[in-house]
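Overview (structure and organization)
Residue strings, one per chain:
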Amino acid sequence: MANLLQINNGETVQRSLIPHLAFADFRSELLTFANNGGQVVQFFGYEDDGVLKFLAVLRNEALFVVGCDEPESYQSLTTETEKFHMFEREIAEQYGVKPEGHPWLRMVRYHENYRGKEDVFGNDYKKEDIPGNYEYFPVEGDVIHEVAVGPVHAGIIEPGHFRFQCIGETVLHLEIQLGYQHRGIEKLLPSVPSVRRPIVIEGIAGDTAIGHSLCFSQAVESLASIKVDEGAKTIRVIALELERIANHVGDLGALSGDVAFNPPAAFFGRLRGEFLNLLLTLCGNRFGKSLVRPGGVTQVMGEEQKKIIRDKIRETRPELEHVCDLLFSEPTVRARFETTGTVPYEQAEKLGLVGYAGRASGLAYDARVAFPTECYADLTANTNEKAVGDVFCRANVRREEIMHSLDLIEKLVQKDGETANDPTFDYKLAPSSFVVSVNEGWRGEISHCILTDQDGAITRYKVKDPSFHNWTGLAMSLRNEGISDFPLCNKSFNLSYCGFDL
Amino acid sequence: MLKVLKNRLEQGNRTSKYPKVPINLYNRYRGLPQINPDCDSATIKACATACPQEAIDASSCKIDLGKCVFCGQCETQSKGEFVKFTQNFEMGVANKNDLLTGGSLPALAEHSKKHFKKLFGRSLQLRQISAAGCNACEADTNVLNTPFFDLSRFGIQFVASPRHADGIHVTGPISRNMHAATITTFEAVPSPKVVIASGSCAISGGPFYGSDDIIGDLNSIIPVDLYIPGCPPHPITTLHALLKYFK
Ligand code: SF4
Ligand code: SF4
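Reading guide: rules and limits
- Residues numbered from 1 in each chain as written.
- Chains lettered and ligands numbered in written order.
- Predicted model: local features only at pLDDT ≥ 70, side-chain atom pairs only at ≥ 80, totals over all residues.
- Heavy atoms only, no water.
- Phe/Tyr/Trp six-rings, centres within 6.5 Å; stacked < 30°, edge-to-face > 60°.
- Helix = DSSP H or I, 4+ residues; strand = E, 2+ residues; numbered from the N terminus.
- Buried < 20%, exposed > 50% of the residue type's maximum accessible area, 1.4 Å probe, protein only.
- Lys NZ or Arg CZ within 6 Å of the ring centre and 35° of its normal.
- Pairing = 2+ DSSP bridges.
- Axes fitted to C-alpha atoms, helices over the stretch in contact; angles between N-to-C directions.
- Disulfide = S-S within 2.5 Å.
- Contact = heavy atoms within 4.5 Å.
- Buried area = accessible area lost by both parts, 1.4 Å probe.
- Salt bridge = Lys/Arg side-chain N within 4 Å of Asp/Glu carboxyl O.
- Polar contact = N/O pair within 3.5 Å; in protein donor to acceptor, adjacent residues only side chain to side chain.
- Nonpolar A, V, L, I, M, F, W, Y, C, P; charged D, E, K, R; others polar.
- Near = heavy atom within 4 Å.
- 1 Å grid on protein atoms, 1.4 Å probe; cavity = no way out; pocket = protein on both sides within 12 Å on 5 of 7 lines; lining within 4 Å.
- Points joined across faces, edges and corners; volume = space filled by probe spheres on them.

1. Some thoughts on the packing of aromatic side chains
Under the counting rule described, the total for this entry stands at 32 aromatic pairs over all chains. Ring centres 5.5 Å apart and planes at 80° place the aromatic pair Phe54(A) and Tyr74(A) in the edge-to-face group. You can see Phe54(A) sitting in strand 5 (residues 51-59) and its partner Tyr74(A) sitting in strand 7 (residues 73-75), a full 20 residues away along the chain. With respect to class, Phe54(A) is no different from Tyr74(A); both count as buried. Note on Trp104(A) and Phe137(A): the rings are 5.5 Å apart at their centroids and 70° apart in plane angle, and the pair reads as edge-to-face. In this pair, Trp104(A) sits in the loop between strand 8 (98-100) and strand 9 (144-149) while Phe137(A) sits in the loop between strand 8 and strand 9, placing the two residues 33 residues apart along the sequence. Residue Trp104(A) is classed as partly exposed on the basis of its relative accessible area of 22%. Lys193(B) extends its terminal NZ or CZ atom over the ring of Phe186(B), reaching a point 4.2 Å from the ring centre.

2. Some words on the sheet that holds strand 11 (residues 170-177) of chain A
Residues and elements named next belong to chain A. If you walk across this open sheet you meet the 3 strands as 9-10-11, and the pairing is antiparallel. Only two strands of the sheet have a single neighbouring strand rather than two, namely strand 9 and strand 11. Taken pair by pair, the neighbouring strands of this sheet meet at an average axis angle of 20°, ignoring direction. Where strand 9 and strand 10 (residues 161-167) come together, 6 bridges link them in antiparallel fashion. Its bridge partner lying in strand 10, Val147 is registered against Phe164.

3. What to know about the state of the cysteines
Following the criterion strictly, the structure yields 0 disulfides over all chains and no others. Of the cysteine sulfurs around Cys324(A), a residue in no disulfide, the closest is that of Cys393(A), at 15 Å. The buried category is assigned to Cys324(A), whose relative accessible area is 1%. Cysteine Cys39(B) is unpaired, with the sulfur of Cys47(B) as its nearest cysteine sulfur at 6.6 Å. Judged by its relative accessible area of 8%, Cys39(B) falls in the buried class.

4. Points about the interface of chain A and chain B
One frequently used descriptor of interface size is the decrease in accessible area upon assembly of the parts. Taken together, the 69 residues of chain A in the interface contact 57 residues of chain B. When chain A packs against chain B, the two sides together hide about 5,000 Å² of surface, and 54% of this comes from carbon and sulfur. Counting across the interface, chain A meets chain B through 3 salt bridges. Between Lys3(B) and Asp325(A) there is a salt bridge, with the nearest N and O atoms lying 3.2 Å from each other. Across the contact surface, chain A and chain B share 29 residue pairs in polar contact (both at pLDDT 80 or more). Looking at the side of chain A that touches chain B, the elements that each hand over two or more residues are helix 3 (185-191), helix 4 (197-202), helix 7 (262-283) and helix 8 (303-328) of chain A. The biggest single contributor to the side of chain A that touches chain B is helix 7 of chain A, with 13 residues. Here the residues of the side of chain A that touches chain B sort into 33 nonpolar, 18 polar and 18 charged.

5. Section: the site of ligand 1
Around ligand 1, the surrounding shell holds 13 residues, and the nearest of these are Cys51(B), Cys68(B), Cys71(B), Gly72(B) and Cys74(B). Of the residues belonging to the shell around ligand 1, the class tally is 10 nonpolar, 3 polar and no charged.

6. Side note on the layout of surface pockets
The space that makes up the largest pocket amounts to roughly 1,400 Å³. Lining the largest pocket are 46 residues, with Ile156(A), Ile157(A), Ala254(A), Lys491(A) and Asn142(B) positioned closest to its centre. Mapped by element, the contributors of at least two residues to the lining of the largest pocket are strand 10, helix 6 (230-258), helix 7 and helix 15 (486-493) of chain A together with strand 6 (124-130) and helix 6 (136-142) of chain B. Of the residues in the lining of the largest pocket, the class split is 22 nonpolar, 15 polar and 9 charged.

This is the structure we're talking about:
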């Protein structure tokens, strides 16, 4: 690890301090790290004076960064560890660079690359609509059949294409192809004026508006040396935890619905709304949009808002406990949840699963604990009881996190002190610098990287939603499962299409 | 079973009495803006510059609710002098031009197409198309099926197939990659059919306007009958618009 630079979460470093290796050294450094239990936080390409370069952010107990000059094609790292699988596909699509020997080199979001190079996949995006137009993983035989779903699904959900290769009712493999929601966010961010950036950021994934705007704001605050007061930090953490509760509660309701247990489905559905309304109480928007901005928050939390939050938690906590008990103690529910869609520890580690999906498989990683931001260092951590990686555990981790988040919020609203609301759009970023910000969003680790040029302009903005890691986990959870268990597996992960598609 | 009953008692009946009884949203909610055209022009200009969505036309003192994401920056910027958001959530309109507003909107009931009322007044089945965006619009549309809003009591339903639908409800800025699927789904709905553009994205591209990877205005590819502004529209905004337009 001599060749890696250790960094802190949200710390601005001069780009010149980042080790810049020859590709062969870079490759072996990354492989050693990943094969010794390390994980990849970011791995992406960027252009520097017309030259393509790579940058990787890695983590074990600490965060590291390392870069290299990129050869126009290279020996894929995925051949030696799965951890780079999706990252290499993304780089191939964004920059037209081929990872030789990649076992499943396919499009990620279907778009032209940024450099006008020949498309690695042989597509001509000027001529035709490409989405879905490629060869899926072939499985053949007399008793094999395929089920194809999407892009437009049956419910009110985001678009994506799912292809199940089945033998009878059993799924051999599920191939998930996304990209339909691609809006060009990474390309848009450096080009828009600073007043627009928070709005674009909140549009990455609406259910994670707080998580992503927190990453963005911290990165900008670090690069522009902006201090945030304690009161604003408290509000940000409350908002992040409210976002977590609302989504977990909603998902438990959806899981109840998928096993046709309607009372908890209805109760959870209503309860979710209570928490969205608390976000509205804080900032006027049910998804927490418009609250978190570089410099702090846009609105203060006064006694009135604190009281509403306190009272609502007091009212909903017993209801939540009882509805959870109703769901989790029902034998027919347990029969459907337990041993379904299992992703064992080893597999989860190899895929680098994050968030509750990882924790349900026994990976303890929680960015709130490992790399605390805001006021998380002062708060108690959550631990999970059972973690064998099935639907039950992914649901149960949510239940435990809901209760933990309620505790955190109750504690935080007791804090005294008003907040200055001092968001800013008028800032200057440090030149030739790099920053990565990591937070535990409700789905798991979110991270944003910003690279600036010698004038302090953003040259590369890299976003990673936890879903980027976890979609592969969902595909693996379906192997050898009954196809009728797909909705359960899917809801227990509940991944973001738009957060992935960017 | 006992647990089910106990929970049922604890939960009670939560269905809103709306529209018979009005709903009050918390005072921080930003609905229809109140605009003061007599505000000094420097403040108005500052608001227009501060607006991330370029939604404010300083010369006519109007806000384009189709572009606005209700971030509240103009209100903060002008300390409420130029723009003040009210808690009025009734913002659906039938003509896109009406979204460019000085603070009032035409009554939706009068603008709806009378034959739509006759056709769909008792039963309306919609196919939702999620066409990029951030999924908050979809989430707050889904909410209409929870016990509080209980959409189906009005004879309105979201259905699984376009073949079963009377129209489409589109959210998101229609990414280039969803263009074909959006058109195909629309075409699969039998005529006569209705088209609803919901949320700033579907109306104008929302936060993503100007991106090469989106279409950004549903009306440019399919004629839209009903516009529901917001980012996302509050569920009650959607409910109000559907009831006023079709009932
Ligand atoms: S609330 Fe609307 S008009 Fe006002 S600044 Fe935000 S986007 Fe612009
Ligand atoms: S209008 Fe706003 S809430 Fe709706 S999809 Fe677009 S960004 Fe998301």
